[in-house]
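The residues making up each chain are set out below.
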Amino acid sequence: MTTTSIAVRETPLVLFLLGRADDALVLGHRLSEWTGHAPMLEEELALANLGLDLIGQARGLYALAAEAEGAGHSEDDFAYFRDERAFRNVLLVELPRGDFALTMARQFLYAAAIDPWWRACMAGPHAGLAEIAAKAEKETAYHVRHSAEWLIRLGDGTAESHARAQAAIDLLWPYTGELFDPVDPALAPTPDRAAWLSAVDAVLARATLTRPADGWMQRGGRGGRHTEHLGHLLAEMQSVARAHPGAVW
Amino acid sequence: MSTPEIPLWEVFIRSRSGLSHRHVGSVHAADATMALGAARDVYTRRGEGLSIWVVPSNAIVASDPADKAMMFEPTASKIYRHPTFYEVPDDVGHM
């Protein structure tokens, strides 16, 4: 890396906004990795559409964070010029994309948590966030539908697709706890785990998949302690911006 | 990419209220629900549509190109079927 990273003035509001923005950016990047590798053309476009929705949400949230921080940083500064430890996304979104079942299972587990949360944010205390939420909840509502329909067909499909879908849910489950870490009510609502569980249970039942027992939940992303996978993702995502700082299209 | 086991669906999109659905292309999808989603993802990315129909491609019955002469050529000489053949009285105004 040829350029230095920015130092963020980390107030609770800035950290909260960066965490949500980083969730969307990192998951959007993971989806973009399917471009050129998706199982069929239709799904390639669908995955890219989901990824672009998320990156758009990240941009709005980074802009809010920049405003709250007041240090003159841009969306690009936050995305491309922070190191791994400054990223505040949940660990769930940075895990490698895996096979198609894992990608769809993660998308569903994330979207089913975030979609009702966006709707709650529309009536939340932060006006800027409410504005982003009004647009984002329509996007994530489709993400829930798309990923749930796939999960149902993979789970209730062939023996192979069922095994892969169940393995994906089992692998991801310990990473879902972090989605529901309490949020300061002065900033935004906390995602509702009970509502999420009933939505997840309904889809898993149709998919003939088994919900894993709640055990140890992996945590650390909100505090900047990540899996070994995020560093590799950032190295790829940030390399061009860092090699050519200030470059424009 | 070849997807031999996945059926083909024809996609029709209505661009705005008052216009009829128009054929825009086709998608591969395992069933009707997934076909609607695929049609949305492939054909409405730039705000093209307000309504989507998907129809199994094999449900469409098409005329045989070999029958073209019998089917379509006899109309060519019947110009009186075109409304332009008649004079519109001035009192009628615009039609």
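Look a little higher up for the structure.
This is a predicted model, so every value here is computed, not measured. (Residues numbered from 1 in each chain as written. Chains lettered and ligands numbered in written order. Predicted model: local features only at pLDDT ≥ 70, side-chain atom pairs only at ≥ 80, totals over all residues.)

Caption draft 1: Fine view of the overall build of chain A. For chain A, the count of helices and strands is 9 helices and 0 strands. Secondary structure elements of chain A, listed N to C terminal, follow the sequence α-α-α-α-α-α-α-α-α. Its C-alpha atoms give chain A a radius of gyration of 18 Å, within 12% of the compact-globule value 18 Å for 249 residues. Dimensions along the principal axes, computed over C-alpha positions, put chain A at roughly 50 × 40 × 30 Å. Split into buried and exposed, the 249 residues of chain A put 43% on the buried side. Put simply, of all contacts in chain A between residues at least 6 apart along the chain, 79% involve residues at least 24 apart. (Helix = DSSP H or I, 4+ residues; strand = E, 2+ residues; numbered from the N terminus. Rg over C-alpha atoms; globule rule 2.2 N^0.38 Å. Buried ≥ 20, exposed ≤ 12 C-beta atoms within 10 Å, placed from the backbone. Contact = placed C-beta atoms within 7 Å.)

Caption draft 2: Molecular detail of the interface of chain A and chain B. Listed by partner, the interface residues are 9 residues for chain A and 13 residues for chain B. When contributions to the side of chain A that touches chain B are tallied by element, the ones reaching two or more residues are α2 (41–69) and α6 (127–155) of chain A. In terms of residue count, the dominant contributor to the side of chain A that touches chain B is α2(A) (5 residues). In the side of chain A that touches chain B, the residues fall into 4 nonpolar, 2 polar and 3 charged. (Nonpolar A, V, L, I, M, F, W, Y, C, P; charged D, E, K, R; others polar.)

Caption draft 3: Local environment of the environment of Ala130(A). Residues and elements named next belong to chain A. Looking at the secondary structure, you find Ala-130 in helix α6. What makes Ala-130 partly exposed here is the crowd of 16 C-beta atoms within 10 Å. When the C-alpha positions of Ala-130 and Ala-188 are compared, they lie 9.4 Å apart, and in sequence the two are 58 residues distant. Ignoring any residue separated from it by four or fewer positions in sequence, one finds Ala-130 in contact with Cys-121, Met-122 and Gly-124.

Caption draft 4: Just the packing of helix α5 (residues 100–121) of chain A against helix α7 (residues 159–172) of chain A, in detail. Residues and elements named next belong to chain A. Relative to each other, α5 and α7 sit at 50 degrees, their axes nearing to 8 Å. The orientation of α5 with respect to α7, classified from their angle, is oblique. Crossing of α5 against α7: the hand is right-handed. Contact residues: α5 offers Ala-101, Leu-102, Ala-105, Arg-106 and Leu-109, while α7 offers Ser-161, Arg-164, Ala-165, Ala-168, Ile-169, Leu-171 and Leu-172. Considered class by class, the residues forming the contact of α5 with α7 number 9 nonpolar, 1 polar and 2 charged. (Axes fitted to C-alpha atoms, helices over the stretch in contact; angles between N-to-C directions. Parallel < 35°, antiparallel > 145°, perpendicular 65-115°, else oblique. Left-handed = near helix turned anticlockwise from the far one by under 90°.)

Caption draft 5: A look at the sheet that holds strand β3 (residues 51–56) of chain B. All names here are of chain B. Taken in spatial order, the 3 strands make up an open sheet running β2-β1-β3, and their pairing is antiparallel. Each edge of the open sheet carries a strand with a single partner, namely β2 (22–28) and β3. Neighbour-to-neighbour, the strand axes of the sheet open up by a mean angle of 30 degrees, direction not taken into account. (Pairing = 2+ DSSP bridges.)

Caption draft 6: Here's a closer look at unusual backbone geometry. Despite not being glycine, Thr208(A) shows a phi value in the positive range, around 55 degrees. The topology assignment puts Thr208(A) in the loop between α8 (193–206) and α9 (228–243).

Caption draft 7: Representation of the packing of α2(A) against helix α1 (residues 32–43) of chain B within the structure. For the pair α2(A) and α1(B), interaxial distance at closest approach is 9 Å and the crossing angle is 70 degrees. Taken together, α2(A) and α1(B) sit at an angle that is classed as roughly perpendicular. The two elements α2(A) and α1(B) cross, and the hand of that crossing is left-handed. On α1(B), the residues touching Glu42(A), Leu45(A), Ala46(A) and Asn49(A) of α2(A) are Ala38(B), Asp41(B) and Val42(B). Class assignment of the residues belonging to the contact of α2(A) with α1(B) gives a composition of 4 nonpolar, 1 polar and 2 charged.

Caption draft 8: Summary view of the nonpolar core. All names here are of chain A. By size, the foremost hydrophobic cluster in this structure holds 80 residues, and its most contacted members are Ala-21, Leu-61, Ala-65, Ala-105, Phe-108, Leu-151 and Ala-165. If you tally residues by element for this core, the top one is α5, at 14 residues. Apart from the residues lying within four places of it in its own chain, the contact partners of Leu-61 are Leu-17, Arg-20, Ala-21, Ala-24 and Ile-132. (Core = buried A, V, L, I, M, F, W, Y, C linked by C-beta atoms within 7 Å.)

Caption draft 9: Just α2(A), in detail. Here α2(A) is 29 residues long and its end C-alpha atoms lie 41 Å apart, about the 42 Å a rise of 1.5 Å per residue gives. Looking one or two residues past α2(A), Gly70(A) carries a phi angle of roughly 65 degrees, positive in sign. (Expected span 1.5 Å × (residues − 1).)

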